[in-house]
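Overview (structure and organization)
One letter stands for each residue in the lines below.
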Amino acid sequence: MSFAEFLETDRTSPLIHRFEALLEPKSDRALEEMALASHALTLKHFGRAMRLFAPLYLSNECINSCKYCGFSRENAILRVTLEVDEMLAEARHLAKEGFRNILLVAGEHPKFVSNGYLERCIRRLAPEIPSISIEVAPMETEGYIPLVRAGAEGLVVYQETYHRETYARMHLSGPKKDFQWRLACGERGYAAGFRRLGVGALFGLWHWQEEAVALARHIEHLLRTCWKAHITVSLPRLRPAAGAFEPAFPLGDREFVQLLCALRITFPEVGIVLSTREAPALRDALVSLGVTMMSAGSHTEPGGYTGQGKEALHVTVRGRAVAPAIQAPDSTATEQFEIADARSAGEVAAMLRRKGLEPVWKDWDQAIMGA
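I will try to describe carefully the structure that is included in this document. Keep in mind that this is a model prediction, so the values were computed, not measured.

1. Quick notes on helix α11 (residues 253-266)
Since the α-helix advances by 3.6 residues per turn, residues separated by three or four positions end up pointing in the same direction. Counted at 1.5 Å a residue, the expected span for α11 with its 14 residues is 20 Å, and the 20 Å between its end C-alpha atoms agrees. For α11, the buried fraction is high: 10 of the 14 residues fall into the buried class. For α11, the full list of buried residues reads Phe 256, Val 257, Gln 258, Leu 259, Leu 260, Cys 261, Ala 262, Leu 263, Arg 264 and Thr 266. Structurally, α11 contributes buried residues whose contacts are with α2 (14-22), α3 (28-46), α10 (208-225), β9 (230-234), β10 (271-274) and α12 (280-286).

Pasting the structure below:
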């Protein structure tokens, strides 16, 4: 049974029942006990290592209409798709910062971000960056196989919301409107050979407890069916972006901490990712409570690190390019969302060391597999 089918049933395991109990309102003392347990489990299973990565945005072109996303085709924004050489320049900048783990991100637009384009990017990147993951439009297994062979080892696909009615309201048109197609993406990627699978929900679109339980059920399913892969989970909260979408169900800091601890207690060996969507003070407080992977020094627009692609900037209106207006010399592509932690990779690494943690820039190499 696929997870899409399983999600429609009322079957809930004892593990998920225990997870639901951890999401109930807690006193300060009970929350502190959860935090201590989460910290202890993280040390036991991950030690003091903290994997660092950076997103590298290839394109902000998109054919989907999504109410909450800055890249939505409805938004008249500055867009660009990086050429392969421009992508490599961005990656080399990140490598100089220390990164050996890069997440390639792109909007959904088959004209600009095709399988062939992604394969070319990965093949150029693989000799210099040992750990490459992708967060792009969902594909068939057959579409993923060339990307894995080219050198990609991680696949990240966030369901955004597991609540079907909300999903339908948020995704107005485009391929992303297909709830079940997106939901089964991790299993298709696993069949293609990805060794890391990342899942998550975008908190703020629906009631956080319901999203969290569905997310936990998804993790449980992947641990059972994709057992050779390392599973990671991310808990992104909505941030300001083009379109000025306002979340109807914001997740507060206290509940965010509770959810993170609940996931660590329930899934001791699953990686937990914390992005620059969160403010520095909160990120600093959470690194000891269950987080095992962090982004740092991030940009969420193509060319954000070195200014690549400026010559090809254009404006789109409802998915169609229009004659470019005169751009200021410092114009850049529009970001997907505003980050909250603008510290450099070096500053984040120094913070981790002050807290007794070890920043890990590289933990994988294709040579391990004889590639």
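2. Describing the pattern of salt bridges
If you walk through the whole model with that rule in mind, you get 17 salt bridges. Two residues, Arg 73 and Glu 74, come together in a salt bridge whose shortest N-O distance is 3.8 Å. Bridged by salt links that share partners, the residues Glu 108, Glu 160, Lys 176 and Arg 182 form one connected network.

3. Brief notes about the packing of helix α5 (residues 115-125) against helix α6 (residues 141-150)
Where α5 meets α6, the closest approach of the two axes is 8 Å, and the angle between their N-to-C directions is 10 degrees. Taken together, the axis directions place α5 and α6 in an arrangement best described as roughly parallel. Handedness of the α5/α6 crossing: right-handed. Two secondary-structure elements touch here, α5 through Asn 115, Leu 118, Glu 119, Ile 122 and Arg 123 and α6 through Gly 143, Pro 146, Leu 147, Arg 149 and Ala 150. Its residues assigned to classes, the contact of α5 with α6 shows five nonpolar, two polar and three charged.

4. Observations concerning the side chain of Arg 277
Here Arg 277 shows up in the loop between β10 and α12. In this view, Arg 277 contacts Leu 202, Pro 236, Arg 237, Leu 238, Arg 239, Phe 337 and Ala 340; residues no more than four positions away in its chain are not counted.

5. Focus on the packing of aromatic side chains
Using the criterion set out here, one finds five aromatic pairs in the structure. Aromatic pair Tyr 57 and Phe 71: ring centres 6.0 Å apart, planes at 85 degrees, arrangement edge-to-face. Here Tyr 57 is found in strand β1 (residues 49-59), whereas its partner Phe 71 is found in the loop between β2 (65-66) and β3 (78-79), with 14 residues between them in sequence. For the pair Tyr 57 and Phe 71, a shared accessibility class is recorded, and that class is buried. With centroids separated by 5.3 Å and ring planes inclined at 75 degrees, the aromatic side chains of Phe 99 and Trp 361 adopt a geometry described as edge-to-face. You can see Phe 99 sitting in the loop between α4 (84-97) and β4 (101-106) and its partner Trp 361 sitting in the segment after β14 (358-360), a full 262 residues away along the chain. A residue is classified by how much of its surface remains accessible, and Phe 99, at 1% relative accessible area, is buried.

6. Quick notes on the nonpolar core
Within the largest apolar cluster, 95 residues are counted, with the highest numbers of intra-cluster contacts made by Ile 134, Leu 259 and Met 294. Looking at this core, the element that brings in the most residues is α10, giving eight residues. Beyond its immediate sequence surroundings of up to four residues, Ile 134 is in contact with Leu 103, Leu 104, Ile 122, Tyr 144, Leu 147, Ala 152, Gly 154, Leu 155, Val 156 and Phe 194.

7. Focus: the environment of Met 170
Locating Met 170 in the fold gives a position in helix α7 (residues 164-170). Sequence separation of Met 170 and Pro 359 is 189 residues, and the distance between their C-alpha atoms is 37 Å. Residues within four places of Met 170 in sequence aside, it is in contact with Ser 65, Cys 66, Lys 67, Tyr 68, Leu 205 and Phe 245.

8. Quick look at the sheet that holds strand β12 (residues 314-317)
Across the sheet, three strands lie side by side as β3-β12-β13; this open sheet has antiparallel pairing. Two strands close off the open sheet at either side, each with one partner strand: β3 and β13 (320-322). Pairing between β3 and β12: two bridges, direction antiparallel. For Leu 78, the partnering residue across the bridge sits in β12 and is Val 315.

So, how was this worked out
Residues numbered from 1 in each chain as written. Predicted model: local features only at pLDDT ≥ 70, side-chain atom pairs only at ≥ 80, totals over all residues. Heavy atoms only, no water. Helix = DSSP H or I, 4+ residues; strand = E, 2+ residues; numbered from the N terminus. Expected span 1.5 Å × (residues − 1). Buried < 20%, exposed > 50% of the residue type's maximum accessible area, 1.4 Å probe, protein only. Contact = heavy atoms within 4.5 Å. Salt bridge = Lys/Arg side-chain N within 4 Å of Asp/Glu carboxyl O. Axes fitted to C-alpha atoms, helices over the stretch in contact; angles between N-to-C directions. Parallel < 35°, antiparallel > 145°, perpendicular 65-115°, else oblique. Left-handed = near helix turned anticlockwise from the far one by under 90°. Nonpolar A, V, L, I, M, F, W, Y, C, P; charged D, E, K, R; others polar. Phe/Tyr/Trp six-rings, centres within 6.5 Å; stacked < 30°, edge-to-face > 60°. Core = buried A, V, L, I, M, F, W, Y, C linked by side-chain atoms within 4.5 Å. Pairing = 2+ DSSP bridges.

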